[in-house]
Amino acid sequence: GFVFLLVLMVYSDIVQENETTIMLVALATIVFMLITVRYLLATRENDVLLRERQQRHEESELLRRLTTRLTSILELEPLLDAIVTMISGELGFDAALLLLSEDTIPPATHLMVRAGASSCLTVQTWNLYGDRLSDCALLLGKEIEVVANTGEYPVALSSLLQAWLQEQQMTTLFFVPLTYQGKKLGSLGFLRCKGQPLNQHDAGIAKSFTEEVATVIEHVNLYRHAREHEDFAQ
């Protein structure tokens, strides 16, 4: 209808050569262009929102599936291996570093460490005590992001961990505290290599996954302690 009206006014302008008609045609043309631009912008915005919504849905489904798989593991050792493997595989990060305290009452005296990378088929395992443990104390209970393009890490890390990070060429480290109902369990690191940045979207996924992981680890610990008490009672 609008286009028909515009064509009719142009025809009237050609026939009558009226100055008022010319102004109306120009005004109608401008309005039409503005409406078209607004429609295109609205369509683009809707497409972006739909893509973002779809992406959030897919990520939620992925986290749900990964959490379901983790909850089926009742032994601590294979659970820790599965966590770092998922991060360096299905969550799309280049590597993962898990530091888990064996102590129920802080400060920690023993850390179980798991490190896995997408370029490596095996999960590295360390147990840290004493001086080596104190080197990692800053990572526990804090959210820390480290960018080390020079290969030198500005946070205190065990020499074992630094050597592994340098070998894997990890330059961006994001550590999220593992906590369950205020209880500090350790720290979970999400790593990128070769100067790749960690954006806000990556940080959101890391935090959501860490929250789920902390719950699963605590439940496995409770299950293990209950089984040990049962064996002792028997």
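Undergrad: Just to check I follow, could you spell out the overall build of the protein for this structure?
TA: In terms of regular secondary structure, the protein is built from six helices and six strands. Of the regular secondary structure in the protein, the N- to C-terminal order runs α-α-α-β-β-β-α-β-α-β-β-α. For the protein, the residues scored as buried account for 38% of the 234 residues in total. Counting contacts in the protein only where the partners sit at least 6 residues apart, residues at least 24 apart contribute 56% of the total. Carbon and sulfur atoms provide 58% of the accessible area of the protein, an area that totals close to 14,100 Å².

Undergrad: Whenever I open this one, helix α5 (residues 159–167) confuses me. Can you help?
TA: Side chains of residues three or four places apart in an α-helix project in the same direction, reflecting 3.6 residues per turn. Those residues of α5 not exposed but buried are L161, W164 and L165. Axial view of α5: buried residues confined to an arc of 100°, hence all on one face. Of the exposed residues in α5, those oriented more than 90 degrees away from the buried face are S159 and E167. The secondary structure elements touched by the buried residues of α5 are β1 (95–101), β2 (110–117), β3 (124–129), β5 (170–180) and β6 (183–193). Two residues or fewer after α5 comes Q169, characterised by a positive phi angle close to 60°.

Undergrad: Where do I start with the environment of E90 in this structure?
TA: Its place among the elements puts E90 in the loop between α3 (76–88) and β1. For the pair formed by E90 and L62, sequence separation is 28 residues and the distance between their alpha carbons is 8.4 Å. Sequence-distant contacts of E90, that is, excluding residues within four places in its chain, are made with L62, L66, R69 and T85. In this structure the side chain of E90 is engaged in a polar contact, spanning 2.6 Å, whose partner is the side chain of R69.

Undergrad: I'm lost on a nonpolar patch on the surface in this one. Help?
TA: Together, L27, V31 and I35 make up an exposed nonpolar region whose accessible area comes to about 260 Å². Looking at where I35 falls in the secondary structure, it is placed in helix α2 (residues 19–71).

Definitions and limits used
- Once a new chain begins, its residue numbering starts again from 1 and follows that chain's sequence as written.
- Residue-level local features of this predicted model are given only where pLDDT is at least 70; pairs of side-chain atoms are given and counted only at 80 or more, and the full residue set underlies all totals for whole chains, interfaces and linings.
- Derived side-chain values reflect all non-hydrogen atoms in the structure, with water molecules and hydrogen atoms excluded from consideration.
- Runs of H or I in DSSP of at least four residues are treated as helices and runs of E of at least two as strands, each being numbered from the N terminus.
- The buried label applies to any residue whose accessible area, calculated with a 1.4 Å probe on protein chains only, is under 20% of its type's maximum; exposed applies above 50%, and partly exposed to all values in between.
- Contacts: residue pairs with any heavy atoms within 4.5 Å of one another.
- Computed with the Shrake-Rupley method and a 1.4 Å probe, the accessible areas treat only the protein chains shown as cover for residues.
- In this context, the arc is that of the directions from the helix axis out to the C-beta atoms.
- N or O atoms closer than or at 3.5 Å make up a polar contact, with two conditions inside protein: a donor-capable atom paired with an acceptor-capable one, and, for residues adjacent in sequence, both atoms drawn from side chains.
- Like charges are joined within 9 Å and nonpolar side chains (Val, Leu, Ile, Met, Phe, Trp, Tyr) within 5 Å, but only among residues with over 30% relative accessible area and no salt bridge; these make up the patches.
- Only one rule defines a salt bridge in this text: a Lys or Arg side-chain nitrogen within 4 Å of an Asp or Glu carboxyl oxygen.

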